[in-house]
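Now for the letters of each chain:
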Amino acid sequence: MKLTSQDLTPAFYAAALDGRYTVDKGFVRQNENRQIYVTLFWRTVMISVSGDGALPPSWLSSRISACNFTAYVSSNLLMIMVLLPFWTSLLVRTTAWIAILQSQGVINDLLVLVGVTTDDARFSLIYNMTGTIIAMTHILLPFMILPLYSVMKTIPPSYMRAARSLGATPTMAFLKIYMPQTIPGVGAGGLLVFILAIGYYITPALVGGQDGSLISNMIAYHMQKSLNWSLAAALGGILLAGVLLLYWAYDRVIGIDNMKLG
Amino acid sequence: MSKLPPYTSTGEYIWHYVYRSICGLIFLFLILPIIVVLPLSFNVEPYFSFTKGMLNFDPEAFSLRWYEDILRNGMASPDAPFSWAWLSDTWNNSQWMRAIRNSFFIGICATLLSTALGTLAAIGLSRSEMPYRRLIMSILISPMIVPLVITAAGMFYFYSQVHLSQTYLGVIMAHAVLGTPFVIITVTATLVGFDKSLVRASQSLGAGALITFRKVQMPLIIPGVISGGLFAFITSFDEVVAVLFLASPEQRTIPRQMWSGIREQISPTILAVATLLVILSIILLTVLELLRRRSERLRGITSS
């Protein structure tokens, strides 16, 4: 009581970190079963990392568009396939994933048709963690591919040929020659995807259900439903601090001037 | 497709095709959701899934009813015969029509505002005598980076105090803030290729600062300005979090309407709207590509 009557109190930050702030004992951890916010923060971080987990495939795909399909037309077509999702409304893509992943959706129908599962044992792919991860990977993948592509475009293919002619195996040439040169793109894309993923709100709110919701959803919930604005502000403050730290790192490493769009 | 060199080993052959198929799957993953939406929006049944009839290409199974629903939903007398009265009823009362009107109105106003502000900021920031350039730049870009929920919540607190929340002006300003970073980035990128001596030349020939800007600088950076404006427009057009926090039902935009459509009454009308939005994004993509080519051509001329 004494604490909440003061103008400034760390109590809500403590609550946001699953603890309690008491006058005499300071920060005390909350009971095990009431620790939700730290779990939520961790889940958000994990999802952001798994968004980055899309890294190897996108790296492959940008590589293919960068070097293999040098023929002008097909490379352009592939670029459109990356850019069209990038330009399509977020809600359109989320709706599309609902249509595909829901229990009466395209994937489940297909699986029943093929005989992988029966009609009454359809997979629940949406309104849980799986749905969030799939939809967010799809939405954030272009943000990874585009920076990678712009870096890989500048690597001359003759380097790889030179390495091969000097006796390197394909794997060796790839690891020692090609990969080190793509590091700036990987850093730029990965950091950007991580920053975007950590504050994601719309997609998890629509396809996440209970266990797929992220920290942003909790902030919005406390703002709009439970009206615990101080707690929302504390959660938001922690998230903001994290994002600003990453932003600072991004600015340091890549420089915001070098950010490219489309 | 490039031919494999003759020294390729069997393992490499296999890897080559495995690699190709993995990449093919990734591109499929990217484009499939967008393609799936298109046929589903012509479904006769009020479901989100393919019916038997659709898979057999039965013409009975396809219809335009969800597209009509975009026009009809919320009208005073939706079954009245087609006439001017029906059209004005649609224009004034249909929920989706209102959302579409709001989206375009807010989007265009926000785009104009953020394009003007962003271009000015970019020109100022590109001058070498600008102090604290880096700091100011990162502050101006930050709306793009900071999680939308936080920005929107902050705006909600602030705008409520100055009586701007739940007004058109409030939503427009919020969207302008969110769109400005895109304009700054694209215009800054164009200004890198801008030859500063042209400004000095024009000034030495007696043009004032305004005329120099209008006649010399503006025509050269206009592709960047327009593509930045398009980015700002699509940002506003696609934005839902700020609208959720700031707007009243009066200012519902298309994404906001889709949001409540997905959460409350799921019907293929959303898929019909989604199809229309995909077409819109194809148009925008084409415009942007044409602009990019034009700007490359222009740059080719100035550098030679």
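Below, the structure is looked at part by part.

## A look at the interface of chain B and chain A
Step number 1: Counting from both sides, the interface comprises 63 residues of chain B and, opposite them, 66 residues of chain A.
Step number 2: Across the interface of chain B and chain A, roughly 6100 Å² is buried in total on both sides, 78% from carbon and sulfur atoms.
Step number 3: For the pair chain B and chain A, the number of links is 6 residue pairs in polar contact (both at pLDDT 80 or more).
Step number 4: It is helix α1 (residues 10-40) of chain B that contributes the most residues to the side of chain B that touches chain A, 15 residues altogether.
Step number 5: Classifying every residue of the side of chain B that touches chain A by side-chain character gives 50 nonpolar, 6 polar and 7 charged.

## Thoughts on the packing of aromatic side chains
Step number 1: Per the counting criterion, the structure on display carries 13 aromatic pairs over all chains.
Step number 2: Here a set of aromatic residues connected by ring pairs shows up, and it is made of Trp87(A), Phe182(B) and Phe231(B).
Step number 3: For the cation-ring pair, Arg101(B) lies above Trp91(B), with the distance from its terminal atom to the ring centre recorded as 4.9 Å.

## Some points on empty space enclosed by the protein
Step number 1: Tallying each qualifying case throughout the model produces 2 cavities of 30 Å³ or more.
Step number 2: Space inside the largest cavity adds up to approximately 60 Å³.
Step number 3: Lining the largest cavity are Trp87(A), Thr88(A), Ser89(A), Ile234(B), Phe237(B), Asp238(B), Leu277(B), Leu280(B) and Ser281(B).
Step number 4: Among the elements of the structure, α10 (209-237) and α13 (269-303) of chain B are those that each provide at least two residues to the lining of the largest cavity.
Step number 5: For the lining of the largest cavity, the element with the most residues is α13(B), which contributes 3 residues.
Step number 6: Taken together, the residues that form the lining of the largest cavity break down as 5 nonpolar, 3 polar and 1 charged.

## Some details on the nonpolar core
Step number 1: Within the largest apolar cluster, 117 residues are counted, with the highest numbers of intra-cluster contacts made by Trp87(A), Tyr201(A), Ile202(A) and Met258(B).
Step number 2: If sequence neighbours within four positions are ignored, Trp87(A) has contacts with Leu230(B), Phe231(B), Ile234(B), Ser281(B), Leu284(B), Leu285(B) and Leu288(B).
Step number 3: Counting 10 residues, the second largest nonpolar core, distinct from the first, contains Val183(B), Leu191(B), Phe194(B) and Ala232(B).

How each quantity is defined
Residues numbered from 1 in each chain as written. Chains lettered and ligands numbered in written order. Predicted model: local features only at pLDDT ≥ 70, side-chain atom pairs only at ≥ 80, totals over all residues. Heavy atoms only, no water. Contact = heavy atoms within 4.5 Å. Buried area = accessible area lost by both parts, 1.4 Å probe. Polar contact = N/O pair within 3.5 Å; in protein donor to acceptor, adjacent residues only side chain to side chain. Helix = DSSP H or I, 4+ residues; strand = E, 2+ residues; numbered from the N terminus. Nonpolar A, V, L, I, M, F, W, Y, C, P; charged D, E, K, R; others polar. Phe/Tyr/Trp six-rings, centres within 6.5 Å; stacked < 30°, edge-to-face > 60°. Lys NZ or Arg CZ within 6 Å of the ring centre and 35° of its normal. 1 Å grid on protein atoms, 1.4 Å probe; cavity = no way out; pocket = protein on both sides within 12 Å on 5 of 7 lines; lining within 4 Å. Points joined across faces, edges and corners; volume = space filled by probe spheres on them. Core = buried A, V, L, I, M, F, W, Y, C linked by side-chain atoms within 4.5 Å. Buried < 20%, exposed > 50% of the residue type's maximum accessible area, 1.4 Å probe, protein only.

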